[in-house]
Amino acid sequence: MLRILLGTQLRRLRTEKGISREDAGYSIRASHAKISRLELGQVSFKQRDVADLLTLYGVTDPEQREPLLALAERANAPGWWHGYGDLLPAWFEVYIGLEGAATGIRTYENQFVPGLLQTPAYARAVIELAHEKATEDELSRRVALRMARQSRLESGLTLWAVIDEAVVRRSLGGCGTMREQIAHLLDITGERNITVQVMPFERGGHAAAGGPFSILRFPERDLPDIVYMEQLTSALYLDKPADSDHYMEVMDRLSIQAEEPKATRRFLERIRSE
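Residues numbered from 1 in each chain as written. Predicted model: local features only at pLDDT ≥ 70, side-chain atom pairs only at ≥ 80, totals over all residues. Heavy atoms only, no water.

**Focus: the environment of E99**
Tracing the sequence through the fold places E99 in helix 6 (residues 90-101). Sequence-wise, E99 and G211 are 112 residues apart; in three dimensions their C-alpha atoms are separated by 20 Å. With sequence-adjacent residues up to four places away left out, E99 is seen in contact with I105, L116, R149, R152 and L216. Of the polar contacts made by the side chain of E99, one reaches the side chain of R149; its length is 2.9 Å. (Helix = DSSP H or I, 4+ residues; strand = E, 2+ residues; numbered from the N terminus. Contact = heavy atoms within 4.5 Å. Polar contact = N/O pair within 3.5 Å; in protein donor to acceptor, adjacent residues only side chain to side chain.)

**Some thoughts on unusual backbone geometry**
A positive phi is found at R29, a non-glycine position, where the angle reads about 60 degrees. Position of R29 among the secondary structure elements: in the loop between helix 2 (21-27) and helix 3 (32-39).

**Details of helix 3**
For helix 3, the set of buried residues is I35, L38 and E39. One side of helix 3 carries all its buried residues, which in axial view fall inside an arc of 95 degrees. (Buried < 20%, exposed > 50% of the residue type's maximum accessible area, 1.4 Å probe, protein only. Arc of directions from axis to C-beta.)

**Let's talk about the pairing of strand 6 (residues 235-238)**
With four bridges joining them, strand 5 (residues 226-230) and strand 6 adopt antiparallel strand pairing. Across the sheet, residue E230 finds its bridge partner in strand 6, namely A235. (Pairing = 2+ DSSP bridges.)

**Describing the side chain of Q118**
Residue position: Q118 is located in the loop between strand 1 (104-109) and helix 7 (120-130). Given a relative accessible area of 3%, Q118 falls into the buried group. Here R146 takes part through its side chain, which lies 2.9 Å from a polar atom of the side chain of Q118. The contact partners of Q118, leaving out residues within four places of it in the chain, are F112, V113, A123, V126, R146, M147, Q150, Q181 and H184.

**A short note on the pairing of strand 5**
Counting buried residues along strand 5, four of its five residues qualify, which places the element largely inside the surrounding structure. Of the strand pairs in this sheet, strand 4 (residues 213-217) and strand 5 are connected by three bridges, and their pairing is antiparallel. Looking at the pairing, L216 lines up with I226 of strand 5. The hairpin turn running from strand 5 into strand 6, its antiparallel successor, is four residues long.

**Focus: the packing of aromatic side chains**
Considering all chains together, one arrives at seven aromatic pairs under this definition. Each ring, one from W80 and one from W81, has its centre 5.8 Å from the other, and the planes form 90 degrees; the classification is edge-to-face. Judged by relative accessible area, W80 falls into the partly exposed class, the value being 41%. Ring centres of F213 and Y247 lie 5.0 Å apart, and the angle between their planes is 65 degrees; on these two criteria the pair is classed as edge-to-face. Highlighted residues: F213 in strand 4 and Y247 in helix 11 (residues 241-257), separated in sequence by 34 residues. The burial state of F213 is the same as that of Y247; both residues are buried. (Phe/Tyr/Trp six-rings, centres within 6.5 Å; stacked < 30°, edge-to-face > 60°.)

So this is what it looks like as structure tokens:
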């Protein structure tokens with residue numbers, strides 16, 4: 001996402017100056033196709049190339065250049081999750097990168113507690129469903145990866161989750177694990193940046209008939225919202241405004257249909273007692 005952001009800004013600067021991709025490519029000893037890939041965020045940036053392009057586009061003021069050069073450096077830095085690269089399929093590694101850059105996530109789940117809100121024991125039970133042949137070491141690393149992702153909640157990420165009642169009714173890992181997980185939901189929803197709502201069975205059908213999805217929002221205005229839908233062996237990413245706007249409308253309707261946050265806490269307390 002950082003590459004996309006930088007590429008978008010470089011494309012804007014180039015078009016404002018009326019410079020062709022061919023001329024921009026010549027200035028960094030590359031083809032127009034490489035300029036296209038850079039502007040789409042499909043390849044990594046060299047600091048020298050970014051500096052040369054900024055000079056070509058007339059960006060000579062250090063106050064304007066330095067943020068863009070710093071962004072290029074950040075965009076090329078490997079993510080913290082690269083140490084788990086052997087466990088991550090490419091389609092999910094993309095999501096972790098998006099999650100790390102997002103400032104807000106709204107999500108709907110109908111089967112599992114969202115990964116960012118799972119306890120280690122619950123996470124292990126969920127992971128075992130998809131990796132029943134994994135070794136003990138692999139399971140431990142997968143749980144550690146999921147717990148590491150949760151650090152985003154301590155650094156400003158806002159999470160608003162609507163979960164179906166089935167999520168807290170379905171027993172994973174046994175009663176003790178579920179009691180611990182529900183207690184964790186009650187604890188963590190006391191944080192100002194975390195909102196959880198339960199969609200009770202009694203509400204009947206609702207807007208999210210198509211299944212779980214997440215909407216990620218980023219601090220940079222040039223970046224669109226991303227809708228993420230996970231499948232068994234792949235994922236779908238939607239970034240067209242028409243799509244993200246539609247899913248945001250669905251999410252808003254879900255939030256109206258679901259129990260309010262205070263009522264959700266009482267609901268969870270009843271489930272824990274049962």
